[in-house]
Amino acid sequence: MKAIHFIRPFIPLIPEVEKPHHKIPFREKILWTTCALLIYMVCSNLPLYGVQRAQTSDPFYWMRVILASNRGTLMELGVSPLVTTGMVLQLLQGAKVIDVNLDNKEDRVLFMAAQKVVGLTVTIVEAAAYVMSGMYGDVAAIGLGNAILIVAQLFFAGLIMLMLDEMLQKGYGLGSGIS
């Protein structure tokens, strides 16, 4: 049994965007891409609840452009979970650490599900690391409840980012959500 088959029990729990049943016209693709961009822009300007304003400089200031993130907002993590997950899994697949035949439909579905599960896991880990590192204030100062709330906000923002990316990749929009 391939290692990728261990992801099968999680497939019903993973949210998914259906492929379009018909060819999407160019104007509609522009509309979906614009909607995805507007959702991203709104999330980039919505501040996280429970964050103490830091008086220190931003340690990721120069990486924000690459990560497509904005400090103290729902898009704090930006596209980093998506990029990290994609690169790591493709590297593992290319190095034959994960035995996946992308020409096989079942393997391709399982690989895409693995990307989602690993992406959401990376999002939780990054969110927890940001909170525990004191990026939003000392955990003792903001309280355990606010710390959990910040992680939850970042997780759901990461889920939104994942779904927007999948929507664009499945043919509703132009390009990929990462680009």
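Preceding block: the structure.
Within any chain, residue numbers begin from 1 and follow the written order of that chain's sequence. A pLDDT threshold of at least 70 governs which residues receive local features in this predicted model, and a stricter bar of 80 or more applies before side-chain atom pairs are shown or counted, although totals over entire chains, interfaces and linings include all residues. The side-chain values count all of the structure's non-hydrogen atoms but skip hydrogen atoms and water molecules.

1. Notes on the overall build of the chain
Inclusion rule: Numbering of helices and strands runs from the N terminus; a helix is a DSSP stretch of H or I covering at least four residues, while a strand is a stretch of E covering at least two. Categorising residues by exposure relies on relative accessible area from a 1.4 Å probe, with only protein chains included: less than 20% of the type maximum marks a residue as buried, more than 50% marks it as exposed, and the intermediate range marks it as partly exposed. Accessibility throughout is a Shrake-Rupley quantity obtained with a 1.4 Å probe, and a residue counts as covered only by protein chains that appear here. For the purpose of charge, His is not counted, nor are the chain termini; Lys and Arg are scored as positive and Asp and Glu as negative. One atom stands in for each charge, and that atom is NZ of Lys, CZ of Arg, CG of Asp or CD of Glu.
Per the secondary structure count, the chain includes six helices and zero strands. Order of helices (α) and strands (β) in the chain, N terminus to C terminus: α-α-α-α-α-α. In terms of its C-alpha atoms, the chain occupies a principal-axis envelope of roughly 50 × 45 × 30 Å. Within the chain, buried positions represent 40% of all 179 residues. Summed over all atoms, the accessible surface of the chain reaches about 10800 Å², with 68% contributed by carbon and sulfur. Looking at the chain, you have 14 positive and 13 negative side-chain charges, and the mean spots of the two groups are 6 Å apart.

2. Quick notes on helix H3 (residues 80-94)
Residues three or four positions apart in an α-helix share a direction because the helix packs 3.6 residues into each turn. So the rule is basically this: Working rule for helices: expected span equals 1.5 Å times residues minus one. Only heavy atoms enter the contact rule, under which two residues are in contact if any of them lie within 4.5 Å.
Given a rise of 1.5 Å per residue, 15 residues ought to cover 21 Å, and the 21 Å separating the end C-alpha atoms of H3 matches this to within 8%. Those residues of H3 that sit buried are Ser80, Pro81, Leu82, Thr85, Gly86, Leu89 and Gln93. Where H3 is buried, its residues contact helix H2 (64-67), helix H4 (105-132) and helix H6 (144-172).

3. As for the nonpolar core
Stated formally: The criterion is simple. A nonpolar core is a set of buried Ala, Val, Leu, Ile, Met, Phe, Trp, Tyr and Cys residues joined through side-chain atoms within 4.5 Å.
In this structure, Tyr136, Ile150, Leu154 and Met167 are the most contacted members of the largest nonpolar core, which totals 32 residues. Taken together, the elements giving at least two residues each to this core come down to helix H1 (26-45), H4 and H6. The element best represented in this core is H6, accounting for 14 residues. Sequence-distant contacts of Leu154, that is, excluding residues within four places in its chain, are made with Leu48, Thr73, Leu74, Glu76, Leu77, Thr123, Ala127 and Tyr136. Ile98, Val100, Leu110 and Ala113 belong to the second largest nonpolar core, which has ten residues in total.

4. Quick notes on the environment of His21
Condition: Any N or O atom pair separated by 3.5 Å or less is treated as a polar contact, with the protein-specific requirement of one donor-capable and one acceptor-capable atom, and with residues adjacent in sequence counted only for side-chain atom pairs.
Considering the arrangement of structural elements, one finds His21 in the segment before H1. Given the relative accessible area of 74%, His21 is considered exposed. Taking C-alpha positions, His21 is 39 Å from Gly72, a pair spaced 51 residues apart along the chain. At a separation of 3.4 Å, a polar atom in the side chain of His21 contacts the side chain of Glu18.

5. Let's talk about the side chain of Ser44
Tracing the backbone shows Ser44 in helix H1. Contacts of Ser44, omitting those with residues within four sequence positions, involve Asn70, Thr73 and Met75.

6. Let's talk about the packing of aromatic side chains
Two aromatic rings, taken as a pair, are described by how far apart their centres are and by the angle between their planes. Formally: Between rings of Phe, Tyr and Trp, where Trp is taken as its six-membered ring, a pair exists when centres lie within 6.5 Å; planes separated by under 30 degrees are stacked, by over 60 edge-to-face, and by other angles tilted.
By the definition in use, this model includes two aromatic pairs. Aromatic side chains Trp32 and Tyr172 sit 5.7 Å apart centroid to centroid with 65° between the ring planes, which places their arrangement in the edge-to-face category. Taken together, the residues span a long stretch of sequence, with Trp32 in helix H1 and Tyr172 in helix H6 at a distance of 140 residues. Note on Trp32: relative accessible area 31%, which makes it partly exposed. The exposure class of Tyr172 is buried, given its relative accessible area of 17%. An angle of 70° between the planes, with centres 5.3 Å apart, marks the rings of Phe155 and Phe156 as edge-to-face. For Phe156, a relative accessible area of 48% gives the class partly exposed.

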